[in-house]
Amino acid sequence: MAQLLRCASRTARLVASSSRSVVACPRAAALSARIASSVPSGFGGMSSSQVAAVAGAGPHRGVVVAAASTGGLPQAAFSFEPDSLPAVTAVVSPAGGSVAEVAAGWEGELLVLGVTEEDFATEAEVTSLKGESLKALDAALGGALAEIVAAGGFDGKQGAQSRVLRLYGGAKAKHVAMVGLGKAAKLAVAADWGASPFQALGAGVATLAKANKVAAVGLVLLPGAAPAAAQAATALAQITSGTLVGGYEATRFKTKKSPTASRLASLAVAGTGLPAAEADAAIKRGLAVARGNLLTRYLVESPPNVCTPSHLAATAAHIAAAAPEVFSLKVYEKAECEAMNMGLFLGVAEASAEPPKFIHLRYTPKGGAAGRKVAIVGKGLTFDSGGYNLKAGAGSMIELMKFDMGGAGATLGAARILADLQPAGVEVHFVIAACENMVAGAGLRPGDILTSASGKTVEVNNTDAEGRLTLADAMWFAQEKCGATSVVDVATLTGACIVALGTQIAGLFTPHDDIAASLTAASKAAGEKIWRMPFENDYFDDLKSPVADMKNTGSRYGGAITAALFLKQFVNEGVEWAHVDVAGPVWNDKLGLPTGYGAALLAEWATAQAQAAK
C-alpha cells in the first residue's frame, strides 16, 4: 500500500509538473512561417497560424544561431523531403516500330537495357548473346553488347549491372549498359521474398547513373524482360520508385557538395507496352512511394537536435498541407495528454526538456465514405538515452538512438504516400506519441508504477523499455478515440528482434491470422521483408508483477516476444492487431544510412483494407 501511495504521489507530481523554460530557436520561426504560408486556410480543422504553432513549437538544442534563420545549419537540414526529384517519362513505341529500334534511336548520356538470364547463353564458362532482340540491338550499336558480355561477369541475374561502355559510330546514346531482371519465368511485381525484379531494376539504374555521373538515362525493357500486360502498370511504378530512391545519399548536413551525389535529372522508360495515360498514372504512383520512402529517410537520418517531437509534429503538418482535402491533424500538448490520463507516455517524456507531442493525423477518403477504420501507430522516441537504465558501453548503440523514431518515420512516410494516392473506402488514423527518453531528477525511475490511459498499472523495472509504454497509450487512443477496428503498431522496439532476424527483416507478432496474411502480402508488394514470429502466451508469466498489473520487461530470453505480449494487454476485445518490430531494417549499418523501411509496406496494407471491408 505504501508503494502504491508513493505511486499516486508520483503521478500527481507528473501531472502537475510545469513546463521547463526553453530558449527559442530562430529556425522555429522560419519553419513556422514556411509551413503557414503553404497551408490553405482552415485545412483539416486547423488554421494556418495553428499549423505554424505546431511547426514552430519546441527548441532545437545545440544548433548554433547564425545570420540565416536556420539555426546555423543549412536550410535543407530541416526539410521534410527533397524539393524535387528526377523527371520520369514513358516512351511509347511508334506504330510498327520495335523496342530495339526505340533503344537504338534514343539520344542521351546512358542507355540501359533491361534483360533476363534467357537473353544469354553460357558454355564452358563463356557467356554470349542469345536473345534475338538483343542480337539485333547489338548490331545497331556496333557490337557493344557482345563486347560487354565477352568481358565476363554479367549474365542477367536479378539486380546485376554490367559495365558501362562508350558508344561510337552512329549510335545516338553516349554510353550503354545492362541490368538483369533474373529468370523470365519469375518476372512478377511481387516476389516471394524481398525486392521484385522491377524494383531491383530501378535500383540498378540508379546505381549506374550515380556511379557514372550521368543526368539523362534511357531504360529499355527488351521483349523478354517486359512485364505481363496485367502487371505492366505496377512494374513501371516499381521501376520509378526504385530509381528515385536507389541513389540516395545523405547530404543535408554537409557544408560541401558531395562529389558522389547522384546527378540524375531524367529517366525515360520504354518497353512496358502501356498506353500513355496508364503509363503516366503508374509513374505518379511510383513517385508517391518514392516521396514516402524519402520522407521516412529524412526523418530517421536527422540528428535528435533536429528531429525533435515538435519536428515530427511539423512533418505531420507538412503532409496534411499536401492534401488538405483528405487529411486533418490534431497535435495534443502535454496538458491535453494529462487530461486523457496518459501516464505511461508522460512518464517516459518527463525527464526531457523537449515538450512531448501526441500526433493524430487522420486520412478520410474523398466523399467521407469509408468501409473500414484502421490505425497505424508509430513509436516516436526521437532520442532514447535509456533513462536511468542508461545505454552505456560497447554495443549500446546510444549514438544511433536518433533512429528510435523509425516507426514514427515509417508511419508518416505511409501517410505521405496516401496523400498522393488517396485510396477510397478506408479511413486511416496515423497516431504517434512523440517524446524523448532522457535522464533528470524529475524523470522516470526503475521501480516506479505508472497508470496507463486504459487504467492498467505498470511497474517500470527497466526505463530502457520505454517504447512499449508510449505505444500502449497510443494504441488506447487509436481504439477508444479513433474507433479503429484494425491496428498495426510499428516500432524499433527490441534488440532481441535484431538478434533473431538480423538487420534486413522485420518481426511480425500477432495472434490474428487475417492481419498477418494482409501484412505479409503488403510486404511482398512493397519488397520489404517481414517474418511472422511465435506468439507464445505462456511467456507473459515473465511480465507478472507482485505490485502492479504487469512489469514492462521480462527475463533476457524471448525479449521480442514478451515486448509484443506486453502490448497485447492494451488491445481491446474484437480489435484486430499486429505488432511490427522494425529495429533491424530501418538502418543500414554498413552504409550508415536510413533505408526508409516500412513506409511502402504500411501504405500497401492501408490501401488494401478498403478491399478487405467489402
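Computed from a predicted model, the values in this text were never measured in an experiment.

Asker: Looking at this structure, how should I read the packing of helix α16 (residues 513–526) against helix α18 (residues 599–612)?
Answerer: How two helices sit against one another is set out by the angle between their axes and by the gap between those axes. α18 packs onto α16 with a crossing angle of 125° between their chain directions and a minimal axis gap of 8 Å. Between α16 and α18, the angle falls in the class oblique. In this structure, the crossing between α16 and α18 has a hand that is right-handed. For the pair α16 and α18, the contacting residues are I515, S518, L519, A522, S523, A525 and A526 in the first and A600, L601, E604, W605 and Q609 in the second. By residue class, the composition of the contact of α16 with α18 is 8 nonpolar, 3 polar and 1 charged.

Asker: Explain the pattern of salt bridges to me, please; I cannot follow it from the model alone.
Answerer: Applying the stated rule across the entire model yields 21 salt bridges. Between R416 and E81 there is a salt bridge; the shortest N-O distance is 2.7 Å. Of this pair, R416 sits in helix α13 (residues 406–421) while E81 sits in the loop between α3 (48–56) and β1 (87–91), placing them 335 residues apart in sequence. Here R416 and E81 have matching classes, each one buried.

Asker: Would you explain the UniProt feature "domain: Cytosol aminopeptidase" (unreviewed entry) in the protein chain in this entry?
Answerer: Mapped onto the present numbering, the UniProt feature "domain: Cytosol aminopeptidase" (unreviewed entry) falls at residues 462–469. Helix makes up 38% of residues 462–469 and strand 0%. Its end C-alpha atoms lie 11 Å apart.

Asker: Even after reading the chapter, I still don't get the pairing of strand β6 (residues 173–180), so can you show me in this structure?
Answerer: Each regular strand displays side chains that alternate between the two surfaces of the sheet. Of all the 8 residues making up β6, 6 are buried; the element is thus mostly covered by neighbouring parts of the structure. Sheet analysis places strand β2 (residues 108–115) next to β6, joined by 7 bridges and oriented parallel. Bridged to L110 within β6 is H175. For strand β5 (residues 165–166) and β6, the ladder comprises 2 bridges, and the chain directions are antiparallel. Looking at β6, one finds that L165 is bridged to V176. Counted between consecutive antiparallel strands, the loop separating β5 from β6 contains 6 residues, among which G169 sits at a positive phi close to 70°.

Asker: For this particular structure, what's the right way to read the sheet that holds strand β12 (residues 425–437)?
Answerer: In a beta sheet, neighbouring strands are held together by backbone hydrogen bonds and run either parallel or antiparallel to one another. An order of β9-β10-β12-β11-β15-β19-β16-β17 is seen for the 8 strands of this open sheet, with the pairing classed as mixed. With one partner strand each, in any of the chains shown, β9 (327–332) and β17 (530–532) form the two edges of the open sheet. When the angles between neighbouring strand axes are averaged without regard to direction, this sheet yields 20°. Bridge analysis of strand β15 (residues 486–491) against strand β19 (residues 576–581) gives 6 bridges, and the strand direction is parallel. Within β19, the position partnered with V488 by the bridge is A578. Most of the contacts of helix α10 (residues 309–322) go to strand β10 (residues 357–363), to which it runs at about 15°, and overall it touches β9, β10, β11 (370–384) and β12.

How each quantity is defined
Residues numbered from 1 in each chain as written. Predicted model: local features only at pLDDT ≥ 70, side-chain atom pairs only at ≥ 80, totals over all residues. Heavy atoms only, no water. Axes fitted to C-alpha atoms, helices over the stretch in contact; angles between N-to-C directions. Helix = DSSP H or I, 4+ residues; strand = E, 2+ residues; numbered from the N terminus. Parallel < 35°, antiparallel > 145°, perpendicular 65-115°, else oblique. Left-handed = near helix turned anticlockwise from the far one by under 90°. Contact = heavy atoms within 4.5 Å. Nonpolar A, V, L, I, M, F, W, Y, C, P; charged D, E, K, R; others polar. Salt bridge = Lys/Arg side-chain N within 4 Å of Asp/Glu carboxyl O. Buried < 20%, exposed > 50% of the residue type's maximum accessible area, 1.4 Å probe, protein only. UniProt positions renumbered as here; feature names shortened; annotations may be inferred. Pairing = 2+ DSSP bridges.

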